[in-house]
Amino acid sequence: MTRMFVRLLMAAGIVVGAQAGQSSGARAADLVVAVSDNLNGLDPHDLNDNISQAAARLTHEGLFKLDRDMKLVPGLAESFTANDTATEFVFKLKQGISFPDGTPFNASVVKFSFDRGGNPANNLKRQSIYVMIDHTDVVDDYTVKVTLKYPFGAFPNNLAHPGAMIVNPTLVTKFGKDFTRNATGTGPFELVSWGADTLKLKKNAKYRMAGLPKIDTLTYRSVAENGTRLAMLQAGEAHFITPVPPEMIKLVEKNADIVVFDKPSLLSLFATMNSQKKPFSDVRVRQALNLAVDKKAYSKVIWSGYADELDSPMAPGLGYYSKQKPWPYDVAKAKALLAEAGYPNGFDVTITSGTSTLSKRSMEFLQQQLAQVGVKVTVESLEAGVLTSKLYTNPAPETATIQMLVTGWSSSTGDADWGIRPFLWSKGWPPVLNNFAYYKNKEVDDAIEAGLSTIDPAKRAAAYATAQKVAWEDAALLYLGMSHNLAAYSKRLKGASMRGDQQFQLDEDATLN
């Protein structure tokens, strides 16, 4: 059996020096990050929100990680080999690493972490990351072999997801169900305390990179009000805030001591259409709705211009992205397609989403746009718990009660697999994954599975190019746009940003002067 050897080298870090005229005895770096919501925990295996995952990435590491550009780089792994069928992976681990409490990092720890994350009995939210693993074997102290149940060429990228970070077995055993309040891994920071709306961290004295991090302590503050977060930044009480609403960007830009972070995210925004039921079972109807919505107006009205037009089911920043021809705005053609499909006067439909301002604005925008082609939209805003129940309680296309859902998807693996499989693969209908459109297309399914059947980059690129092209032309979704990551930070802070998956990113060599 031929084998492929893959060695990833760490990219050089950004070197950031002290500010001009500042002595080496500078004040201690005490970084305050203000975010919009409370943390839900610290256990990386049991988190499904960006804010909590970003915090966990400060204290934990995986075998691999994604840099600020969402490119795969080594974490705790030195290298790996894989067989041609992408069913066996052997990882060589970095040596001389320990957790802050002295627990050594080795192959047994990796096996413990993978076994824990994938055990259904643990009822952890990120179990799906491990579902392809059949078993994990310790080869020696710093070599681990993972055998998969089926081919999965995206496995290294899967291990870069925050949910695949390595946990400390000593703390898991010690704290049991309270581990999520006490979790600390091998990351650059370690936990000091977490209570109410405040998480306090300090630099990990045992961190594997000598001399890093340069930030001494870090405070994560949950501040719900947009104006309050901005006031904290302006007053120097916070050094990084996220998010910044699009309508506030111009105000922030007036402050010479503040830097605005504005880059396209990996968040693809769309509305699902139950493609297994009329009227959306007819491709002409799905195509008509894509033609009936002015995407440039969507960006301007909903995002104050801080959104880009989609030209693929997934964002350009993901691996194996393949650009498609954008859907034009053509009301006349949309009307013609609806008439051809048997709906010359349109039809009635309910569009559902959450209760956030952006969700409500998006639904109302679609209501106005689709009215031009005779589609009469009823807007339905649901609280998170009610919406989740409605999506998963009747998980079958014939019993599903949601006709259209305004939503979006952002991948935290940097790879096309997690960029499209959750919402375009027919085996991913809820509750398995998030294909709320109940979309089913054999050509798309075959291409997605072909992309997973090999670790060969050329073969994977070809497979995902097919999947994107077919799903785009088939109007699997009502494609809306791709939002920007908007944040703001003090000019004193260097090395902080937002990753494409909308998570706060702090480089190991970040400084606060």
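Before any of the text, the structure's been laid out above.
Residues numbered from 1 in each chain as written. Predicted model: local features only at pLDDT ≥ 70, side-chain atom pairs only at ≥ 80, totals over all residues. Heavy atoms only, no water.

Participant: Provide a residue-level description of helix H8 (residues 295-303), including the pertinent values.
Facilitator: For H8, the set of buried residues is Lys295, Tyr298, Ser299, Ile302 and Trp303. Viewed along the axis of H8, the buried residues span an arc of 100°, placing them on a single side of the element. Every exposed residue of H8 that faces more than 90 degrees away from the buried side is listed here: Lys296, Lys300 and Val301. At its buried positions, H8 is contacted by strand E13 (258-273), helix H7 (283-292), strand E14 (307-308), helix H10 (357-371) and strand E18 (478-490). One side-chain oxygen of the residue at the start of H8 lies 3.1 Å from the amide nitrogen of Lys296, identifying that residue as Asp294. In the stretch just after H8, Ser304 is the one whose phi turns positive, near 50°. (Buried < 20%, exposed > 50% of the residue type's maximum accessible area, 1.4 Å probe, protein only. Helix = DSSP H or I, 4+ residues; strand = E, 2+ residues; numbered from the N terminus. Arc of directions from axis to C-beta. Contact = heavy atoms within 4.5 Å. Polar contact = N/O pair within 3.5 Å; in protein donor to acceptor, adjacent residues only side chain to side chain.)

Participant: Residues and numbers for the pattern of salt bridges, please.
Facilitator: Oppositely charged side chains are able to pair whenever their charged atoms sit close together. A full pass over the atoms with the stated rule returns 19 salt bridges. Note that Lys296 and Glu309 form a salt bridge whose closest N and O atoms lie 3.9 Å from each other. Residue Lys296 is found in helix H8, and its partner Glu309 is found in the loop between E14 and helix H9 (331-340); the two are separated by 13 residues along the sequence. Through salt bridges with shared partners, one network takes in Asp282, Arg284 and Glu340. (Salt bridge = Lys/Arg side-chain N within 4 Å of Asp/Glu carboxyl O.)

Participant: Hey, could you go over the environment of Asn204 for me, with residue numbers and the actual values?
Facilitator: By the secondary structure assignment, Asn204 is in the loop between strand E10 (198-203) and strand E11 (217-222). Overall, the relative accessible area of 2% leaves Asn204 in the buried class. Separated by 18 residues in the primary sequence, Asn204 and Thr186 have C-alpha atoms spaced 8.0 Å apart. Discounting residues that sit within four places of it in the chain, Asn204 has contacts with Pro100, Gly185, Thr186, Gly187, Pro188, Phe189, Glu190 and Leu212.

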